[in-house]
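Residues per chain, in single letters:
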Amino acid sequence: MKIALPSKAGQVDGHFGHCECFTIFSVDENNKIVSEDKLTPPAGCGCKSNIIPILAEMEVKVILAGNMGDGAVNRLV
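Residues numbered from 1 in each chain as written. Predicted model: local features only at pLDDT ≥ 70, side-chain atom pairs only at ≥ 80, totals over all residues. Heavy atoms only, no water.

Peer 1: Which residues make up the overall build of the chain, and what values go with them?
Peer 2: Along its length, the chain carries two helices and five strands. Put simply, the chain runs from its N terminus to its C terminus through helices and strands in the order β-β-β-β-α-β-α. Taken over C-alpha atoms, the radius of gyration comes to 12 Å for the chain, in line with the 11 Å a tight globule of 77 residues would show. Along the three orthogonal principal directions, the C-alpha set of the chain runs to about 35 × 30 × 20 Å. Counting the 77 residues in the chain, one finds 31% classified as buried. Within the chain, residue pairs in contact and separated by at least 24 positions form 41% of the contacts whose partners lie at least 6 positions apart. Per element, the accessible surface of the chain, about 4,900 Å² overall, is 52% carbon and sulfur. For the chain, the separation between the mean place of its 7 positive charges and that of its 9 negative charges on side chains is 4 Å. (Helix = DSSP H or I, 4+ residues; strand = E, 2+ residues; numbered from the N terminus. Rg over C-alpha atoms; globule rule 2.2 N^0.38 Å. Buried < 20%, exposed > 50% of the residue type's maximum accessible area, 1.4 Å probe, protein only. Contact = heavy atoms within 4.5 Å. Areas by Shrake-Rupley, 256 points an atom, 1.4 Å probe, with all protein chains shown as cover. Lys, Arg positive; Asp, Glu negative; His and termini not counted. Charge placed at Lys NZ, Arg CZ, Asp CG, Glu CD.)

Okay, structure coming up:
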């Protein structure tokens, strides 16, 4: 399973739509992290960029994020 977290300077970023990058963790069936990748989001806030389809194409199944506006939440549903 792949899990994405918005990040900035190696730390979890408190805002989904304006993060520096997404850290994507691949987790095995024992819930152990087996790999970590970084994805720089396209310009624009989360709801107006195409970051959600990009994460879906990368087979991300979980996004852990705070401060997500209604526009981004609606795109995830």
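Next comes the rest of the account.
Peer 1: Account for the pairing of strand S4 (residues 33-39), with residues named and values stated.
Peer 2: As paired strands, strand S3 (residues 21-27) and S4 are joined by six bridges and run antiparallel to one another. Residue pairing for S4: valine 27 is matched across the bridge by isoleucine 33. (Pairing = 2+ DSSP bridges.)

Peer 1: How would you explain the nonpolar core if you had to name every residue and give the values?
Peer 2: Grouped together as the largest cluster of nonpolar side chains are 11 residues: Ala4, Phe16, Cys19, Phe22, Ile24, Leu39, Ile51, Ile52, Leu55, Val60 and Ala72. Per-element accounting of this core gives the leading share, three residues, to helix H1 (residues 51-57). (Core = buried A, V, L, I, M, F, W, Y, C linked by side-chain atoms within 4.5 Å.)

Peer 1: Please provide a residue-by-residue account of unusual backbone geometry, values included.
Peer 2: Even without a glycine there, the phi angle at alanine 9 is positive, about 55°. Tracing the sequence through the fold places alanine 9 in the loop between strand S1 (2-8) and strand S2 (11-12). In this structure, asparagine 31 takes a positive phi of about 60° despite not being glycine. Inspection of the secondary structure assignment puts asparagine 31 in the loop between S3 and S4. Under the relative-accessibility criterion, asparagine 31 is labelled exposed at 61%.

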